Amino acid sequence: MSDTVTYTLTEAELFSALWHTRRSNGRLIVQTVLLLVLGVPALVGVLGGKRDAATLLCGTVLPLLAVLQWVWPWAEFRREARMSAAQNTPLTLTFTAETLTVANETVAWQNAVLRRVNDCVLWRVDGQWIVIPRRAVSDALWETLLKEAEA
């Protein structure tokens, strides 16, 4: 088997890869719970008529931060995906029975770090994720990628 594929990523593929590789749901959930535990009682106090500065600040800012920490990354990843897709840079990968190659990096299949995300497989190379969309590879190669991603 020796396959060489060249493709350009879409904005949706780039966004999906960013969303699944650059955020930590566990940390965000803990932060959201803490912000809401502190902010909701203060918000109730503000709505109940308590108008001191600390209650007003905690009751408005903390719940707002709880929401923004989820919305802000979404907006930033959208912007970054849009900018990267606009560059329209083609990516060429070569697959053999023993290795995967991108640019000057060649990795043996058994050492490749692969992860499935929606209709793509992400390949970790030199600290970066290479996105391999389903549409860019043959059925046989896709099955091999999925098998390695699950291993």
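How each quantity is defined
All chains use their own residue numbering, which begins from 1 and follows the written sequence. In keeping with the predicted nature of the model, local features appear solely for residues at pLDDT of at least 70, side-chain atom pairs appear and are counted solely at 80 or more, and the whole-chain, interface and lining totals rest on all residues. Side-chain figures throughout are based on the complete set of non-hydrogen atoms in the structure, without hydrogens or water. Under the scheme used here, helices are H or I runs from DSSP no shorter than 4 residues and strands are E runs no shorter than 2 residues, and both carry numbers assigned from the N terminus. For every residue, the accessible area obtained with a 1.4 Å probe (protein chains only) is divided by the maximum for its type, and the residue is called buried under 20%, exposed over 50%, and partly exposed between those limits. Residues form patches when they are more than 30% accessible in relative terms and have no salt bridge. Like charges link within 9 Å. Nonpolar side chains (Val, Leu, Ile, Met, Phe, Trp, Tyr) link within 5 Å. Calculation of accessible area relied on Shrake-Rupley with a 1.4 Å probe; when residues are assessed, cover is drawn exclusively from the protein chains displayed. Any carboxyl oxygen of Asp or Glu within 4 Å of a side-chain nitrogen of Lys or Arg constitutes a salt bridge here. Any two residues having at least one pair of non-hydrogen atoms within 4.5 Å are treated as being in contact. When DSSP finds at least two bridges between two strands, those strands are taken to pair. Axis definition: a line fitted to C-alpha atoms, over the contacting stretch in the case of helices. Angles run 0 to 180 degrees between N-to-C directions. Here a pair means two rings of Phe, Tyr or Trp (six-membered ring of Trp) with centres within 6.5 Å. Their orientation is stacked below 30 degrees between planes, edge-to-face above 60, and tilted elsewhere. A ring is considered to have a charge above it if a Lys NZ or an Arg CZ atom is located within 6 Å of its centre and within 35 degrees of its normal.

## Digging into unusual backbone geometry
Alright, step 1. Here Ala103, not a glycine, exhibits a phi torsion of approximately 50°, which is positive.
Alright, step 2. The topology assignment puts Ala103 in the loop between β3 (99–102) and β4 (105–108).
Alright, step 3. Within the chain, Asn118 stands out as a residue other than glycine whose phi angle is a positive 55°.
Alright, step 4. Structurally, Asn118 is set in the loop between β5 (113–117) and β6 (120–125).
Alright, step 5. Taking the relative accessible area as the measure of exposure, Asn118 reaches 54% and is therefore exposed.

## A word on a nonpolar patch on the surface
Alright, step 1. A cluster of nonpolar residues, Ile29, Val33, Val37 and Leu38, forms a patch on the protein surface that exposes about 380 Å² of accessible area.
Alright, step 2. With respect to the secondary-structure elements, Ile29 resides in helix α2 (residues 25–47).
Alright, step 3. Take Ile29: its relative accessible area is 49%, and that puts it in the partly exposed class.

## Things to note about the environment of Arg78
Alright, step 1. Along the chain, the position of Arg78 falls in helix α3 (residues 53–87).
Alright, step 2. Using a relative accessible area of 23% as the deciding quantity, one classes Arg78 as partly exposed.
Alright, step 3. Once the C-alpha coordinates of Arg78 and Asn25 are considered, the two residues, 53 residues apart in sequence, prove to be 18 Å apart.
Alright, step 4. If we skip the residues at most four places from it in the chain, Arg78 touches Glu11 and Phe15.

## A few points about the sheet that holds β5
Alright, step 1. Across the sheet, 3 strands lie side by side as β5-β6-β7; this open sheet has antiparallel pairing. Either end of the sheet is taken by a strand with one partner, and the two such strands are β5 and β7 (128–133). The sheet shows a mean angle of 30° between the axes of neighbouring strands, direction not considered.
Alright, step 2. When β6 meets β7, the two strands line up antiparallel, connected through 6 bridges.

## Section: the packing of aromatic side chains
Alright, step 1. Inspection of the entire model under this criterion finds 4 aromatic pairs.
Alright, step 2. With 6.2 Å between their ring centres and 75° between their planes, Phe15 and Trp74 make a pair best called edge-to-face. Highlighted residues: Phe15 in helix α1 (residues 11–21) and Trp74 in helix α3, separated in sequence by 59 residues.
Alright, step 3. Residue Phe15 is classed as buried on the basis of its relative accessible area, which comes to 10%.
Alright, step 4. Clustering of aromatic rings is evident, with ring pairs tying together Phe15, Trp19, Trp74 and Phe77.
Alright, step 5. Lying across the ring of Phe15, Arg78 places its NZ or CZ 3.7 Å from the centre.
Alright, step 6. Looking at Arg115, its charged tip hangs above the ring of Trp129, at a distance of 5.7 Å from the centre.

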